[in-house]
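# Structure at a glance
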Amino acid sequence: MVRMIPEYPREGANISERKVFNALEAIQGHDDWVAIHSLGIGRHASAFQGEADFIVLAPGQGILVIEVKSPAYVEYKGGDWYLDRLPSPNKDPLKQLDGARRSIRHHLRERDLLTGSEPIARLVWFTSIGRHQFENRTPGDLQFFEWELGWSDDLSRPAWLIEKTLAEYDTWYSSVDEVANDPAALTAERVELIADALVSDFVAKQTPEERAHERRVTEMKLLGSQEVVLELIDTNDHVYFEGPAGTGKSYLITQAARRLNGEGRTTLVACWNVLMADELQRFVGGLPNVDVTDLNSLMLRLVGMPANPPDAPHEWYTRELPERALAVLQEKPHLGGYEAICIDEFQDVAGNLLVLELIFALAGTGRPAGTKLVFAGDSRPQIMRRVDEQVNPFAIAKSLIPDLVHVRVLRNCRSVPGLTSAVESTLRQQLGYSRHRVAKSVRGGLSTVDIVDGNETRALASALGELLQHHAAEDIVVLSPFAEKRSLAGRLLSRAEKTQDERWLRKQLQSEGLPGRIRWRSVFKFKGLDADAVVLTDLGTDATEFVASQGLEWNDLLYVALTRAKYRCVMLGTDAKPTEHYGRP
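## Digging into helix α12 (residues 353–361)
Inspection of α12 places Val 355, Leu 356, Leu 358, Ile 359 and Phe 360 among the buried residues, and these make up the whole buried set. Contact partners of the buried residues in α12: α10 (295–303), α11 (314–331), β13 (340–343), β14 (372–377) and α13 (393–400). A side-chain oxygen of the first residue of α12 lies 3.0 Å from the backbone nitrogen of Leu 354; this N-cap is Asn 352.

Structure, rendered in structure tokens:
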């Protein structure tokens, strides 16, 4: 696809520019093309300043400078333009392009990036009217060619329009003796240099931290677009948000908590995962009358215990502790008393009726009726429960709360489309998104590295070194199917350094007493969270056998692991592919 600069339409872009941006972004099969949107021209050749709506750099074909217009009606007569319903209806769009073209050519030649023979064509793109609606009353006019005009019809075939315009330019000027014209002079390497030269001031001023901040702002805008579904909470007491990873369910939980807190309701925000609870705490923990916790910590607090017993068995968490906490609440219901309860990653608790009973006991009414309940879940990644114990989370909730409203959220707001496509290919299953809110032109993807005995740490160091060129250390996480002692990172940090790679990794990985900022976790602990870049380690036979021994489904774990990444994911080990029955109901 075309590399878009910037990756999203610039602030202030009008509807017609957004149409062209979306059309260019959707072009397939031209990965070496670059399209620059809204380039401010401070060094203008014929005005104080100017702007080019779009510049398309096509290796081997030429440079196309585009002016976008959306008039209701266009007429060209006797050398004069009339563009109905535009602020300056008689302004000549071709003269605007000529000024931008001269400025760009002068700037690039000063930097020795043009030989002088590269084609620089111009195009006025009318996005609001069709080709048949244009009235040219002086078709033989010398001021322009009709192939320099684009129409609304061409929004569905942008690559054709660009190539046609550049080809017509080449055909005409190749026959003009005084004009040097050589499309081949515009190589792919030169295109990259030209793109950097045209936007270098912007890029040079951006630190990695600023780029990360810009990504966060964009991500929050994408998530914010999901908030419209929160209006359902106003008219429904009980709502269940369901969707695949990355559709903003956790964000909706936190925004629901804000909304409910704003109504003056004492609100509980909870989940099973400790790290997930910490993440929720960051978003709503400072609000008055809002408690954020993981359910295990909540139950320990109710029974007056500082921690779980050492080496507590599975039954302690799933039966004994919930029973004790319920007994306390039955005796002292005021320890609950919440008017609103929001549960994230509901699938982790749906199969335990004792925990569900506890959740209802925490309500001020002691039951769903009269209490605002907002749940969010995804039925597939049930890696906290054995395969033979897995349930349909929504069906369980609906059986207990008959008026529960089911809301599907299916728009991907997290991962870049390039990464998502690769994940779906790896899992051999569609993730279930209805569309992507992340722009297709945002770079990202999935790569795999074969591991052989002895090169694990070298491969990890290489993967992290490459990722650190594009992402801050704190935005990278290393995940493993194993817990601390058996994971690659854990084993590395527990032994003496042997190689230069190991010394470097010890400086990068986060650990007590070490300065590193790259986190490393088990897939289980990182469930529900995300990171800009993820490295998956220990993906071998030992891992699949370990997961099977726990009664778990390897494909569910792989789904969780791969969908934690937003931009990049690296798999270290390729002999642990999903099984053929992945995606079972």
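Read on, since the account is not over.
## A closer look at the packing of aromatic side chains
Scanning all chains against the criterion turns up ten aromatic pairs. When the centroid spacing of 4.9 Å and the interplanar angle of 55° are considered together, the rings of Tyr 76 and Trp 81 count as tilted. Here Tyr 76 falls in the buried class, since its relative accessible area comes to 0%. Here the aromatic cluster, defined as three or more aromatic residues joined through ring pairs, consists of Tyr 76, Trp 81, Phe 126 and Trp 151. Sitting over the ring of Trp 160, Arg 157 keeps its end group 3.8 Å from the ring centre.

## Some points on the sheet that holds strand β20 (residues 519–522)
Read across the open sheet, the five strands follow the order β18-β22-β21-β19-β20; overall the sheet is parallel. Here the strands that pair on one side only, and so sit at the sheet edges, are β18 (445–449) and β20. Taken pair by pair, the neighbouring strands of this sheet meet at an average axis angle of 20°, ignoring direction.

## Quick notes on the environment of Ala 26
Within the secondary structure layout, Ala 26 lies in the loop between α1 (15–25) and β2 (34–41). You can call Ala 26 partly exposed: its relative accessible area is 36%. Placed 415 residues apart in sequence, Ala 26 and Ser 441 show a C-alpha to C-alpha distance of 8.3 Å.

## Notes on the layout of surface pockets
Considered as a void within the structure, the second largest pocket measures approximately 1,400 Å³ in volume. Lining of the second largest pocket is provided by 33 residues; of these, Trp 272, His 314, Tyr 317, Met 384 and Phe 524 occupy positions nearest its centre. Here the element with the most residues in the lining of the second largest pocket is α11; it accounts for three residues.

## A look at the nonpolar core
Among the nonpolar cores identified, the biggest contains 60 residues, and Phe 241, Val 269, Val 374, Val 534, Leu 536 and Leu 562 are the most heavily contacted of them. Take this core: its biggest share by element is seven residues, from helix α19 (residues 554–562). Excluding residues within four positions of it along the chain, Val 534 makes contact with Val 477, Leu 479, Ala 561, Arg 564, Ala 565, Arg 568, Cys 569 and Val 570. In this structure, Leu 57, Leu 97, Leu 186 and Val 191 belong to the second largest nonpolar core, which totals 36 residues.

## Quick look at the packing of helix α2 (residues 93–110) against helix α4 (residues 188–198)
α4 packs onto α2 with a crossing angle of 110° between their chain directions and a minimal axis gap of 11 Å. The angle between α2 and α4 places the two elements in the roughly perpendicular class. Facing α2, whose interface residues are Ile 104, His 107 and Leu 108, α4 presents Ile 194, Ala 197 and Leu 198. For the contact of α2 with α4, the class distribution of residues is five nonpolar, one polar and no charged.

## Remarks on helix α14 (residues 417–427)
Taken residue by residue, α14 has Pro 417, Leu 419, Thr 420, Val 423, Glu 424, Thr 426 and Leu 427 as its buried positions. On its buried face, α14 is in contact with β16 (411–412), β17 (435–436), β18, α19 and β22 (565–572). At the C-terminal side of α14, Arg 428 shows a positive phi close to 60°.

## A word on the sheet that holds strand β12 (residues 290–294)
Sheet strands line up and pair through hydrogen bonds in the backbone, either parallel or antiparallel. Across the sheet, which stays open at both edges, the six strands sit in the order β12-β11-β13-β14-β10-β15 with parallel pairing between neighbours. Every interior strand has two partners, whereas the edge strands, β12 and β15 (405–408), have only one. Averaged over neighbouring strand pairs, the angle between their axes works out to 15° when direction is ignored. With five bridges connecting them, strand β11 (residues 267–271) and β12 associate as parallel partners. By the bridge assignment, Thr 267 is partnered in β12 with Val 290. In the packing of helix α9 (residues 274–284) onto the sheet, contacts are made with β11 and β12, and the angle to β12 comes to roughly 160°. Against the sheet, α13 contacts β10 (238–242), β14 and β15, and its axis sits at roughly 175° relative to β10.

## Structural notes on the pattern of salt bridges
Applying the stated criterion across every chain, the model contains 25 salt bridges. Lys 69 is paired through a salt bridge with Glu 67; the nearest N and O atoms lie 3.3 Å apart. Of the two residues, Lys 69 and Glu 67, both sit in the buried class. Its salt-bridge partner being Lys 566, residue Asp 532 comes within 3.4 Å of it at the nearest N-O pair. Highlighted residues: Asp 532 in strand β21 (residues 531–536) and Lys 566 in strand β22, separated in sequence by 34 residues. Residue Lys 566 is classed as buried on the basis of its relative accessible area of 8%.

Definitions and cut-offs
Residues numbered from 1 in each chain as written. Predicted model: local features only at pLDDT ≥ 70, side-chain atom pairs only at ≥ 80, totals over all residues. Heavy atoms only, no water. Buried < 20%, exposed > 50% of the residue type's maximum accessible area, 1.4 Å probe, protein only. Helix = DSSP H or I, 4+ residues; strand = E, 2+ residues; numbered from the N terminus. Contact = heavy atoms within 4.5 Å. Polar contact = N/O pair within 3.5 Å; in protein donor to acceptor, adjacent residues only side chain to side chain. Phe/Tyr/Trp six-rings, centres within 6.5 Å; stacked < 30°, edge-to-face > 60°. Lys NZ or Arg CZ within 6 Å of the ring centre and 35° of its normal. Pairing = 2+ DSSP bridges. Axes fitted to C-alpha atoms, helices over the stretch in contact; angles between N-to-C directions. 1 Å grid on protein atoms, 1.4 Å probe; cavity = no way out; pocket = protein on both sides within 12 Å on 5 of 7 lines; lining within 4 Å. Points joined across faces, edges and corners; volume = space filled by probe spheres on them. Core = buried A, V, L, I, M, F, W, Y, C linked by side-chain atoms within 4.5 Å. Parallel < 35°, antiparallel > 145°, perpendicular 65-115°, else oblique. Nonpolar A, V, L, I, M, F, W, Y, C, P; charged D, E, K, R; others polar. Salt bridge = Lys/Arg side-chain N within 4 Å of Asp/Glu carboxyl O.

Read these as spatial facts, not as claims about activity.
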